[in-house]
Amino acid sequence: MRSTLLILLLIGLGVAVQKGIIEIPRQWAPWAPLHVDDPVTPVTQLKLKRLEGDREGCLAALDTVPESELRYTPLADYSPTANCPLSNIVRMQSSSVQFNQSFVASCPLALAWVMYERHELQPAAEAIMGSRVRQVDHVGSFACRNIYHRENARRSEHATAEALDVTGFRFENGQRITLINHWNDEGEAGEFLRAARDGGCKAFGNVIGPDYNAAHADHFHLGMRGFRVCR
Ligand SMILES: [Zn+2]
């Protein structure tokens, strides 16, 4: 009896949504295309995952970013090395920040980055540091290898350009913060890095940082696998 009522309620809700009586905000509606203006919600990650196999949809979502906030080049699928074919990829040149080096990213990773930067990273920078991030330093996104270089481990997300390793941030006011020097800082630099990590956990499938193990003492691994994994 109770389940019948629940089903009726769900059907009613479905009809109400369909008829536009109830409006579900785009960031909570799994069927609505991802738009970079939308705040990051758990549904955002579902949308990012769906774009893994949808190059056109993913590029269309990237094109919702104003040109002044994103310079990228779509790349054709190719295999930089025999064991690591890349597909649905772009080259990220700059966004609202410069990078120490352009990098190859799966299209969903590029999109997750832009969402992260707009909705988490830059707001945290302004609130905590009183200045926006001007440059992000990283040590790469693509590497044809297994996790931790182990022979019998599964493929790293870096083998498909689905993760970026970030080592530090430079701000418009000239300040520079690195994970290796400031993760344990008790002032605003440390506070900013922890906010940057926590914000990343919303936008990326997983974030692994210095709290997890020594291998990540100097960088955040921002990857697409998983669902809000935060270490
Ligand atoms: Zn990594």
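Each chain carries its own residue numbering, running from 1 in the written order of its sequence. Local features in this predicted model are restricted to residues of pLDDT 70 or higher, and side-chain atom pairs are both shown and tallied only at a pLDDT of 80 or more, whereas totals for entire chains, interfaces and linings draw on every residue. Side-chain figures throughout are based on the complete set of non-hydrogen atoms in the structure, without hydrogens or water.

Quick question: what am I supposed to make of the overall build of the protein here?
The helix and strand tally for the protein stands at 6 helices and 9 strands. C-alpha atoms define the radius of gyration in this analysis, and the globule rule sets the expected value at 2.2 Å times the number of residues to the power 0.38. In terms of overall size, the protein behaves like a compact globule, its C-alpha atoms giving a radius of gyration of 19 Å where 231 residues would be expected to give roughly 17 Å. By principal-axis analysis of the C-alpha atoms, the protein measures approximately 60 × 45 × 40 Å. For the protein, restricting intrachain contacts to residue pairs at least 6 apart in sequence, the fraction spanning at least 24 positions comes to 55%. Calculation of accessible area relied on Shrake-Rupley with a 1.4 Å probe; when residues are assessed, cover is drawn exclusively from the protein chains displayed. In the form shown here, the protein has an accessible surface area of approximately 11,800 Å², with 52% of it arising from carbon and sulfur atoms. Within the protein, the 26 negative side-chain charges are centred at a point lying 5 Å from the centre of the 24 positive side-chain charges. Each helix corresponds to a stretch of at least 4 residues labelled H or I by DSSP, and each strand to a stretch of at least 2 residues labelled E; elements are numbered beginning at the N terminus. Whether two residues are in contact is decided by their heavy atoms: any pair within 4.5 Å suffices. For this count, His and the chain ends are skipped, Lys and Arg are scored as positive, and Asp and Glu as negative. By convention, the charge on Lys lies at NZ, on Arg at CZ, on Asp at CG and on Glu at CD.

Even after reading the chapter, I still don't get the packing of helix H3 (residues 55-62) against helix H4 (residues 107-129), so can you show me in this structure?
Axis definition: a line fit to C-alpha positions, over the contact stretch in the case of helices; interaxial angles, taken between N-to-C directions, run 0 to 180 degrees. Running from amino to carboxyl end, H3 crosses H4 at an angle of 25°, the nearest separation of the two axes being 9 Å. Regarding the angle of H3 to H4, the classification is roughly parallel. Read as a crossing pair, H3 and H4 show a hand that is left-handed. Counted together, Cys58, Leu59, Ala61 and Leu62 of H3 and Cys107, Pro108, Ala110 and Leu111 of H4 form the full contact between these two elements. Here the residues of the contact of H3 with H4 are counted per class, giving 8 nonpolar, no polar and no charged. By definition in this entry, angles of less than 35 degrees are roughly parallel, angles greater than 145 are roughly antiparallel, angles of 65 to 115 are roughly perpendicular, and the rest are oblique. Note on convention: near helix rotated counterclockwise from far helix by under a right angle means a left-handed crossing. Clockwise means right-handed. When residue character is reported, Ala, Val, Leu, Ile, Met, Phe, Trp, Tyr, Cys and Pro are called nonpolar, Asp, Glu, Lys and Arg charged, and the others, Gly included, polar.

Help me understand H4 in this model?
Since one α-helical turn is 3.6 residues long, residues separated by three or four positions face the same way. At Glu117, H4 shows its maximal bend, which comes to roughly 50°. Taken across its 23 residues, H4 has 18 buried, putting it largely inside the fold. Two residues or fewer after H4 comes Gly130, characterised by a positive phi angle close to 70°. Given a residue, its bend is the angle between the two axes fitted to the seven residues that end at it and to the seven that start from it. The cut-offs for exposure are 20% and 50% of the maximum accessible area for each residue type, with area from a 1.4 Å probe on protein chains only; residues under the lower value are buried, those over the upper are exposed, and the others partly exposed.

Would you mind going over unusual backbone geometry with me for this structure?
Negative phi characterises most residues that are not glycine, and trans characterises most peptide bonds. One non-glycine residue with positive phi stands out, namely Tyr148, at about 55°. Structurally, Tyr148 is set in the loop between strand E4 (133-138) and strand E5 (163-171).

Is there a simple way to explain the domain arrangement of the protein in this structure?
Accessible area lost upon the coming together of the parts serves often as the stated size of an interface. How far each domain reaches was decided by an automatic or database domain assignment. Partitioning the protein into structural domains gives domain 1 (1-27) and domain 2 (33-230). Computed over C-alpha atoms only, the centres of domain 1 and domain 2 are separated by 36 Å.

What should I look at first to understand the pairing of strand E3 (residues 98-106) in this one?
Successive side chains on a regular strand alternate, one facing one side of the sheet and the next facing the other. For two strands to pair, DSSP has to find at least two bridges joining them. Direction of pairing for strand E2 (residues 89-94) relative to E3: antiparallel, over a ladder of 5 bridges. Looking across to E3, one finds that Ser94 is bridged to Gln98. Here E2 hands over to E3 after 3 residues, the two strands then running antiparallel side by side. Examined bridge by bridge, E3 and E4 share 2 bridges and lie parallel to one another. If you follow Phe99 over to E4, its bridge partner there is Val136.

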